[in-house]
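A closer look at the structure
What follows is the residue order along each chain.
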Amino acid sequence: MVNSSRFNRKIIVEEKWLDKSFDNCPFCHSINVKEVGLIQKNPKVYFCECTECKIGYAGRQPVEEFLVEYYRNYYNDQDRNITINPEPLAKHLYKILNPISITQKVSILDFGSGDGSVSLSFSNTLLKKGIARQVDITLIDFFPHILEYENENINMIQYSSLEKVPENNTFDIIIASAILEHTKTPNETLKKLIVLLKKGGLIYSRTPYIMPFFKLFKKTGISVDIQYPGHLFDMGNLFWKNSLNKLNCDNEFFLRQSQTSLAEDSFKDSFLKALVTRILKFPSRFLKYQYHLVGGWEVLIERK
């Protein structure tokens, strides 16, 4: 049906594999939505924006059957490890999640985990720092592939969907890094995640924020690839600012932290790209909700 063995390879979704257009916002269900530009010309797929909750989204999305096949072939053997380097992200997680007031056992849910390398690296850090004596990791991925590891203080299990996690399970930390944009129902997915969070627990989420670049370059006639059909949604600072209110759960949960996301590119691998990325992100430190050319956003959601 689809050959997507190369990571982020441009895919044209045929008409037969597309759902009908949304009549309203797929997150908050508002009718106040607008078309920003074209993602795909034939058949036409528009990049849309909700003026209420500020989420960006593909106006027509692939059917579930297409997406299952798409992610089944998401990587070939050579590509399996070309996503973000797990070590910098794990160190970043430790920095923003610390201090963690747990000294015995930490339970982690890694949603969209891939091979589990990020949560495994993060867990090793918790053990080395003496914050935890035991770490239980639950991986959730369409087609889970667990790395081999040797640490008797880490237990790792895997499921193919959130629905398969036992109902009585709750977690100290939930990692949802670069995954919500891939789901067809981010509203329902976020609700499922927060239910699985212990009181005092934290959800870390990292999402793309391409809409501002898309709008800017559209004026010059330059097309910006939002990595469709992999990326179905775009969630930036203004979206996350109002997200818990739109989910009707802001009485029990709050945004402990909201900021521009970690710069993925290292100076060693790509000096110019790493420099440009950091320059673009820098103004957001002082203009969190006024400046938008950051490329990605991250939040910590805490259960009161």
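My aim in this report is to walk through the structure given alongside it, one point at a time. Keep in mind the model is a prediction, meaning the values are calculated, not measured.

Turning next to the overall build of the protein chain. What the protein chain contains, in helices and strands, is seven helices and eleven strands. By the compact-globule yardstick of 19 Å for 304 residues, the protein chain fits well, its C-alpha radius of gyration being 19 Å. Seen through its principal axes, the protein chain has C-alpha atoms that stretch 55 × 45 × 45 Å. Taken across its 304 residues, the protein chain has 49% of its residues classed as buried. Contacts spanning at least 24 positions in sequence make up 74% of the contacts within the protein chain whose residues lie at least 6 apart. Carbon together with sulfur atoms contributes 50% to the accessible area of the protein chain, which is approximately 15,500 Å² in total. Across the protein chain, the centroid of the 39 positively charged side chains sits 7 Å from that of the 34 negatively charged ones.

On to the sheet that holds strand β9 (residues 233–234). Spatially, β1-β2-β3-β9 is the arrangement adopted by the four strands of the open sheet, whose pairing is antiparallel. The open sheet is flanked by β1 (33–40) and β9, the only strands paired with a single partner. Pairing geometry for β1 and strand β2 (residues 45–50), over six bridges, is antiparallel. Along β2, the bridge assignment pairs leucine 38 with tyrosine 46.

This brings us to the packing of helix α2 (residues 86–97) against helix α3 (residues 117–128). Look at α2 against α3: their axes get within 8 Å of each other, and the N-to-C directions meet at 50 degrees. Considering their axes alone, α2 and α3 lie oblique with respect to each other. Along this stretch, α2 crosses α3, giving a crossing that reads as right-handed. Residues Pro86, Glu87, Leu89, Ala90, Leu93, Tyr94 and Leu97 of α2 touch α3, and the partners they reach there are Ser117, Val118, Ser121, Phe122, Thr125 and Leu126. When grouped by side-chain class, the residues that make up the contact of α2 with α3 number nine nonpolar, three polar and one charged.

Taken together, the seven strands give an open sheet; going across it, the order is β6-β5-β4-β7-β8-β11-β10, and neighbouring strands pair in mixed fashion. Both outer strands of the open sheet, β6 (154–159) and β10 (253–260), are each paired with one neighbouring strand and no more. Taking each pair of neighbouring strands and ignoring which way they run, the sheet shows an average axis angle of 15 degrees. Sheet analysis places strand β7 (residues 171–177) next to strand β8 (residues 197–209), joined by six bridges and oriented parallel. Bridge pairing in β8 links isoleucine 173 to leucine 202. On top of the sheet, α2 reaches β7, β8, β10 and β11 (295–303); it is set at about 130 degrees to β8, its chief contact. Contacts from α3 reach β4 (105–111), β5 (134–140), β6 and β7, with the element oriented near 170 degrees to β5.

Nonpolar side chains in soluble globular proteins generally cluster together in the buried interior. Ranked by size, the top nonpolar core spans 59 residues in total, and within it Phe27, Ile55, Leu193, Tyr228 and Trp240 carry the most contacts. Those residues in contact with leucine 193 that sit more than four places away from it in its chain are Leu109, Phe111, Leu162, Ile174, Ala176, Leu180 and Ile203.

Across the junction of asparagine 42 and proline 43, the peptide omega takes the value -5 degrees, indicating a cis bond. Looking at where proline 43 falls in the secondary structure, it is placed in the loop between β1 and β2. Cis geometry marks the peptide bond from tyrosine 228 to proline 229; its omega dihedral reads 10 degrees. Even without a glycine there, the phi angle at alanine 178 is positive, about 55 degrees. You can call alanine 178 partly exposed: its relative accessible area is 28%. One non-glycine residue, glutamine 227, lies in positive phi territory at about 70 degrees.

Now for the pairing of β5. When you tally the buried positions in β5, you get six out of seven residues, the bulk of the element. Looking at chain direction, β4 and β5 are connected through seven bridges and run parallel. Residue pairing across strands places phenylalanine 111 opposite isoleucine 140, the latter belonging to β5. As paired strands, β5 and β6 are joined by six bridges and run parallel to one another.

Taken as a whole and judged by the stated rule, the model has ten salt bridges. Here glutamate 15 and arginine 60 are joined by a salt bridge, their closest N and O atoms 2.8 Å apart. Of this pair, glutamate 15 sits in the segment before β1 while arginine 60 sits in the loop between β3 (56–58) and α1 (64–72), and the two are 45 residues apart along the sequence. By relative accessible area, which is 43% here, glutamate 15 ends up partly exposed. The salt bridge involving glutamate 302 is made with arginine 256; its shortest N-O contact spans 3.6 Å. One end of the pair, glutamate 302, is in strand β11; the other, arginine 256, is in strand β10, and 46 residues separate them in sequence.

Rules and cut-offs
- Residues numbered from 1 in each chain as written.
- Predicted model: local features only at pLDDT ≥ 70, side-chain atom pairs only at ≥ 80, totals over all residues.
- Heavy atoms only, no water.
- Helix = DSSP H or I, 4+ residues; strand = E, 2+ residues; numbered from the N terminus.
- Rg over C-alpha atoms; globule rule 2.2 N^0.38 Å.
- Buried < 20%, exposed > 50% of the residue type's maximum accessible area, 1.4 Å probe, protein only.
- Contact = heavy atoms within 4.5 Å.
- Areas by Shrake-Rupley, 256 points an atom, 1.4 Å probe, with all protein chains shown as cover.
- Lys, Arg positive; Asp, Glu negative; His and termini not counted.
- Charge placed at Lys NZ, Arg CZ, Asp CG, Glu CD.
- Pairing = 2+ DSSP bridges.
- Axes fitted to C-alpha atoms, helices over the stretch in contact; angles between N-to-C directions.
- Parallel < 35°, antiparallel > 145°, perpendicular 65-115°, else oblique.
- Left-handed = near helix turned anticlockwise from the far one by under 90°.
- Nonpolar A, V, L, I, M, F, W, Y, C, P; charged D, E, K, R; others polar.
- Core = buried A, V, L, I, M, F, W, Y, C linked by side-chain atoms within 4.5 Å.
- Salt bridge = Lys/Arg side-chain N within 4 Å of Asp/Glu carboxyl O.

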